Amino acid sequence: MGCDDADDDERPAHEVHLDDVLIAIHPVTHAEYRRFVHETGHRAPAIYELPLVVTAGGDDRESAFRAAGQPYVWLDSQPPPDRLDHPVTLVRWEDAIAYCAWLSAASGRIVRLPTEAEWEKAARGGLERKRYPWGERLDRNMANFLADPLHRTGKGTTPCCTYPPNGYGLFDMAGNVWEWVHDWHSPTAYSTAPFRSPIGPREGTLRVVRGGSWLSADMGMLSCSHRHKVPPDTYSYGIGFRIACSP
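So, here is what we can say about the structure in this document. What you are looking at is a predicted structure, and each value in this text was computed from that prediction instead of being measured.

**Considering the overall build of the protein**
Then step 1. When helices and strands are tallied, the protein shows six helices and seven strands.
Then step 2. Reading the secondary structure of the protein in the N-to-C direction produces β-α-α-α-α-β-α-β-α-β-β-β-β.
Then step 3. Computed over C-alpha atoms, the radius of gyration of the protein comes to 17 Å, within 12% of the 18 Å expected from 2.2 N^0.38 for 247 residues, which places it in the range of a compact globule.
Then step 4. With respect to the three principal axes, the spread of C-alpha positions in the protein is 45 × 45 × 35 Å.
Then step 5. The 247 residues of the protein split such that 49% are buried.
Then step 6. Across the protein, the fraction of contacts at a sequence separation of at least 24, relative to all contacts at a separation of at least 6, is 74%.
Then step 7. Carbon and sulfur atoms form 53% of the exposed surface of the protein, whose accessible area is close to 11,800 Å².
Then step 8. Both charge centroids of the protein, one from 26 positive and one from 33 negative side chains, sit 2 Å from each other.

Written as structure tokens, this is what we have:
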């Protein structure tokens, strides 16, 4: 887990032992999230109170966020009809937790967000010390990311499973949408956390999303080890989640 040739909070690369875990083969889709919204009355994905990452950027960023988010907004508790098989977005960490609680009750098994360690193990697809889920190479035929920042217009999420899976048969572990994980962020986690099934610190000020998204032009953000820290109130048209549970 981690990488010695990366950001400070990804160091040091170290061995972690995990209990067995099952993880979804793709992020939760709009169609899957629709059942949750309809059965619970949970608020549908839309643009509500603006998150800190947007308001801190001033009026221009707020306007851009609202405009870019419109294609992902649900209307009358219905998802965009052309995105049913795309990852659901505009969901906060708390929304993902609520979905897991609902699915736990509906399925009779404990469903949750993966920990950072579980997510990274899954992303690596059985490979060790490789940068991306398929090895050292990544191109636009392997994942949905912003290969050219000047051509963002017309880009967006793609249907789950559009691109090749990794060695574990998991799709979209790099690109398409960032994915919420269980943990609070700690910059020193890798030097202080236990080496068996770490679950992150008990509290913190920043949450973690993993994997990069269709908005990521920095290839480093698409690596298996990259830890992207965001305020807890964050939501975006580039953030979704996938679920995990014990066997």
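**What to know about helix α4 (residues 93-107)**
Along an α-helix, residues three or four apart share an orientation, since each turn contains 3.6 residues.
Then step 1. Here α4 spans 21 Å end to end across 15 residues, near enough to the 21 Å set by a 1.5 Å rise per residue.
Then step 2. All buried positions along α4 are accounted for by W93, D95, A96, Y99, C100, W102, L103 and S104.
Then step 3. Contacts made by the buried residues of α4 are with α1 (30-40), β2 (111-112), β3 (178-184), β4 (207-210) and β6 (239-241).
Then step 4. G108 occupies a position one or two residues after α4 and carries a positive phi of about 80 degrees.

**Focus on the sheet that holds strand β7 (residues 244-245)**
Then step 1. Judged by pairing direction, the sheet is antiparallel, and its three strands sit side by side in the order β1-β7-β2 without closing on themselves. The open sheet has two edge strands, β1 (22-23) and β2, and neither has a second partner.
Then step 2. As defined by bridge partners, β1 adjoins β7 across two bridges and the pair is classed as antiparallel. Among the inter-strand pairings, I23 is bridged to a residue of β7, identified as A244.

**Overview of the packing of α1 against α4**
Then step 1. Two elements in contact, α1 and α4, have axes separated by 10 Å at closest approach and are oriented at 80 degrees. In terms of orientation, α1 and α4 fall into the roughly perpendicular class. Facing E32, Y33, R35, F36, E39 and T40 of α1, the residues of α4 in contact are D95, A98, Y99, W102 and A106.
Then step 2. Its residues assigned to classes, the contact of α1 with α4 comprises six nonpolar, one polar and four charged.

Conventions used here
Residues numbered from 1 in each chain as written. Predicted model: local features only at pLDDT ≥ 70, side-chain atom pairs only at ≥ 80, totals over all residues. Heavy atoms only, no water. Helix = DSSP H or I, 4+ residues; strand = E, 2+ residues; numbered from the N terminus. Rg over C-alpha atoms; globule rule 2.2 N^0.38 Å. Buried < 20%, exposed > 50% of the residue type's maximum accessible area, 1.4 Å probe, protein only. Contact = heavy atoms within 4.5 Å. Areas by Shrake-Rupley, 256 points an atom, 1.4 Å probe, with all protein chains shown as cover. Lys, Arg positive; Asp, Glu negative; His and termini not counted. Charge placed at Lys NZ, Arg CZ, Asp CG, Glu CD. Expected span 1.5 Å × (residues − 1). Pairing = 2+ DSSP bridges. Axes fitted to C-alpha atoms, helices over the stretch in contact; angles between N-to-C directions. Parallel < 35°, antiparallel > 145°, perpendicular 65-115°, else oblique. Nonpolar A, V, L, I, M, F, W, Y, C, P; charged D, E, K, R; others polar.

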